[in-house]
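Secondary and tertiary structure notes
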Amino acid sequence: MRKPSLVRAATGAPRWVRWTLLAAGLAVAVWLPNGLYAAVAVDILCWALFAVAVDLLLGFTGLLSFGHAAFWGTSAYASGLVAIHAGVPFPVAVLAGALAAAALAVPIGYLAVRRTGIYFAMVTLAFAQLIYYVANNQRGLTGGENGLQSVPRELFGLDLTDAYYFYYAALPIVLLGLWAAWRIVNSPFGRVLVGIRDNPARARALGYPVHRYKLLAFVLSAFLAGLGGGLFAMAHRFVTLDTLHWTTSGKAVVMVVLGGIGTLWGGVLGAGLLVRLEDWLSFAGFESVGLVTGGLFVVVVLVFRRGLWGTAADLLRRRFHLRR
Amino acid sequence: MSAFLQHTFDGLVSGAFLALLALGLSVIFGMLRVVNFAHGAFYMLGAVGAYLLLTEFGVPFWWALLIVPLALGVLGMGVERALVHPLARLDPLYNFLLTFGLTLVLQDLVKMRYGTQSSPYGTPALLVGTVDFGLFDFPAYRVFVLVFAVVACVAVWWLLGHTRIGMVVRAATERPELTRALGIDVGRWVTPVFGFGIALAGLAGVLAAPMRAVNPLMGADLVIVVFAVVVIGGLGSIFGSVAAGFGIGLVQAWGESYLDRWPIVAQTSVFVIMAIVLLWRPAGLFGREEAPA
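Residues numbered from 1 in each chain as written. Chains lettered and ligands numbered in written order. Predicted model: local features only at pLDDT ≥ 70, side-chain atom pairs only at ≥ 80, totals over all residues. Heavy atoms only, no water.

1. Quick notes on the overall build of chain A
Tallying secondary structure elements over chain A gives 14 helices and 0 strands in all. Its helices and strands in sequence order give chain A the pattern α-α-α-α-α-α-α-α-α-α-α-α-α-α, from N to C terminus. Projected onto its principal axes, the C-alpha positions of chain A cover 50 × 45 × 40 Å. A total of 324 residues make up chain A; the buried ones form 56% of that total. Separation of charge centres in chain A, based on 26 positive and 12 negative side chains, amounts to 21 Å. (Helix = DSSP H or I, 4+ residues; strand = E, 2+ residues; numbered from the N terminus. Buried < 20%, exposed > 50% of the residue type's maximum accessible area, 1.4 Å probe, protein only. Lys, Arg positive; Asp, Glu negative; His and termini not counted. Charge placed at Lys NZ, Arg CZ, Asp CG, Glu CD.)

2. Topic: the packing of aromatic side chains
Residues and elements named next belong to chain A. Per the counting criterion, the structure on display carries 35 aromatic pairs over all chains. Between F189 and Y213 the ring centres are 5.5 Å apart and the planes differ by 20°, which places this aromatic pair in the stacked class. Taken as a pair, F189 in helix α8 (residues 188–198) and Y213 in helix α10 (residues 210–236) lie far apart in primary sequence, 24 residues in all. As far as burial versus exposure is concerned, F189 and Y213 are alike and both buried. Arranged with centres 5.7 Å apart and planes meeting at 90°, the rings of Y208 and Y213 form a pair that is edge-to-face. Given a relative accessible area of 34%, Y208 falls into the partly exposed group. (Phe/Tyr/Trp six-rings, centres within 6.5 Å; stacked < 30°, edge-to-face > 60°.)

3. Some details on the interface of chain B and chain A
Listed per partner, the contact involves 48 residues of chain B and 48 residues of chain A. Between chain B and chain A, roughly 4500 Å² of surface is buried when both sides are summed, and carbon and sulfur atoms account for 78% of that area. Three residues, B:L93, B:Y94 and B:L97, lead the burial of chain B against chain A; their summed loss comes to 13% of the area buried on that side. One can count 0 salt bridges joining chain B with chain A. Where chain B packs against chain A, one counts 7 residue pairs in polar contact (both at pLDDT 80 or more). (Contact = heavy atoms within 4.5 Å. Buried area = accessible area lost by both parts, 1.4 Å probe. Salt bridge = Lys/Arg side-chain N within 4 Å of Asp/Glu carboxyl O. Polar contact = N/O pair within 3.5 Å; in protein donor to acceptor, adjacent residues only side chain to side chain.)

4. Focus on helix α7 (residues 163–185) of chain A
Residue and element names in this part refer to chain A. Between the first and last C-alpha of α7 there are 32 Å, a value that for 23 residues agrees with the 33 Å anticipated at 1.5 Å per step. If you look at α7, its biggest bend is around 30°, right at A170, and the proline P172 turns up within four residues after that. Every buried residue of α7 is accounted for by F166, Y167, A169, A170, L171, I173, V174, G177, L178, A181, I184 and V185. At its buried positions, α7 is contacted by α1 (15–35), α2 (38–58), α4 (90–112), α8, α10 and α12 (265–283). (Expected span 1.5 Å × (residues − 1). Bend = angle between axes of the 7 residues up to and from the residue.)

5. As for the pattern of salt bridges
All names here are of chain A. Enumeration over the complete set of coordinates arrives at 6 salt bridges over all chains. Across the pair K251 and E278 runs a salt bridge, and its minimum N-O distance is 2.9 Å. Residue K251 is located in helix α11 (residues 246–259), and its partner E278 is located in helix α12; the two are separated by 27 residues in the primary sequence. For K251, a relative accessible area of 19% translates into the label buried.

6. Some thoughts on the confidence of the model for chain A
For chain A, the average pLDDT comes to 86, and 94% of its residues sit at 70 or higher. The low-confidence segment residues 1–10 of chain A (pLDDT under 50) makes 22 contacts with residues lying over four places distant or belonging to another chain. (pLDDT = per-residue confidence, 0-100.)

7. Thoughts on the UniProt feature "transmembrane region" (unreviewed entry) in chain B
Residues and elements named next belong to chain B. The positions UniProt marks with the feature "transmembrane region" (unreviewed entry) are residues 12–31, 61–80, 92–110, 143–160, 189–210, 222–250 and 262–280. The annotated region residues 222–250 carries 86% helix and 0% strand content, and the separation between its end C-alpha atoms amounts to 16 Å. With 95% helix and 0% strand, the stretch residues 262–280 has end C-alpha atoms that lie 26 Å from each other. (UniProt positions renumbered as here; feature names shortened; annotations may be inferred.)

8. Examining the nonpolar core
Core analysis: the biggest nonpolar cluster contains 220 residues, and A:F66, A:F90, B:M31, B:F42 and B:F96 have the highest contact counts within it. Per-element accounting of this core gives the leading share, 17 residues, to α2(A). Contacts of A:F90, omitting those with residues within four sequence positions, involve A:R153, A:E154, A:L155, A:L160, A:F166, A:A169, A:A170, A:I173, A:L231 and A:M234. (Core = buried A, V, L, I, M, F, W, Y, C linked by side-chain atoms within 4.5 Å.)

9. Structural notes on α4(A)
Residue and element names in this part refer to chain A. When the terminal C-alpha atoms of α4 are compared, their 32 Å separation across 23 residues agrees well with the 33 Å that a helix rising 1.5 Å per residue should span. Taken as a whole, α4 carries its principal kink of about 35° at V106; the proline P107 stands between one and four residues after it. If you check which residues of α4 are buried, you get F90, A93, V94, G97, A98, A101, A102, A105, I108, G109, L111 and A112.

Take a look at the structure:
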């Protein structure tokens, strides 16, 4: 059975369209905390990076990781611990967290890339659950059910207590992460990943060490997810076991599918919408958030598989008569 | 010695649940290529269903053991027709994602109606007390669960080995294209097989109600352990799933009792074993390597 490819090759929209979109995206990013609660805007930043990291694997390597909470959460704890015990500026703590996530991704990825498709999803999910149990058990380190409390947020004495200012301190890190993801996808390495996704046997026949490429993509993705997770810890000033739970992994995948698998920027859009929706629901006193997000997800998977960005990009392509 | 037998027995009982769930998952996967993330949610619905029948309608355990799996089987067939089937020709990942969304919905529906606290469900009167095996005695209900689960597993094994539907399932599992080419309408069997797998999950749920806390999240983390079990046994391998289910149950119980100072060992042993199996036999202990899709 030939599987419909999850994405099409990125064929360039006209240069002016791309520059306009980029400018509009940056403008929205800079304006965001003025239009939303700053705390929600910060959450959107963190989740956007997480979603893009998941899409790097799912959309461009064809690997559905359902255990990325392991990297998001590990980085959240590691960043928090580094911030508490070393008192370094918060970007350093976040970087340390992301490195910890990448280090954890090496053994997990090494084992997981031995399976593909649906098995890969199950294996990553299982390993993430292992990390969850370990974190739950190491109460001395993680605070167990109580979580990691009062994470400091230091940046050379700048006052970042207000989420509004923290947003602008976090934005450059997120943009850097997004730029890195874009660079990876549009590099020769990224092309090889897409080649592996579309036809692993051919990639192997061409002499590419498929497992090693997948592992590298996995580690890079974990690093980016870790950047997001570390920032998330800084943003909330505490870390809970929720960051490691499988529902967190699922939430990132929901964002990617909502935005459009394999569109990279779709994940940012999906993150914005889902975080906003959840915030709105909790503000309205509606507690069954899973009912809404789960239901939304079922509908999107059934009838709207290309997601928001994917659908928009398709309309654009048709408008400009671009090849697919 | 009697302590060892005690732990072994407990391990076999919890293994029975893992085996029943892994079996349903494998049967569904074999026929539909669907990894049903919602399997844990249907297990939960089984337990909640038994609880509801008792508290709202006064229906006792024995009737629940019949009614709930049947009702869930029908519900499962509806889910297959309405949700799973439209995605059949797409990448299996989409169905995995769909059932993930379904899990959140089912959990929250139950949570909305009944809250998150656990509800007790009494042991059926007939099975209160212990069974004396001479040297040792075991709780009667647990003996019943173990015997019932073993009988169910053997019955499924017999069904698959000796009936027409079993032949179709096995043929479709091993050579889907060829089975179709031989003129066997695989599609006709897909819906009932999905319903059957869900009914097995529901059965495990009813069996769990008198032993375990009945609450909306009881299947949530269990399903991931079951995933690890089927990866160990070899997804789609009926025998592998059952054997790995009982095996992991035993390992966890022994870990809990003999390494009780490190509870983490029992909780994580299944994942560690999965890692070792992946290194040694990536297709699982009883699975065959699939052609790269």
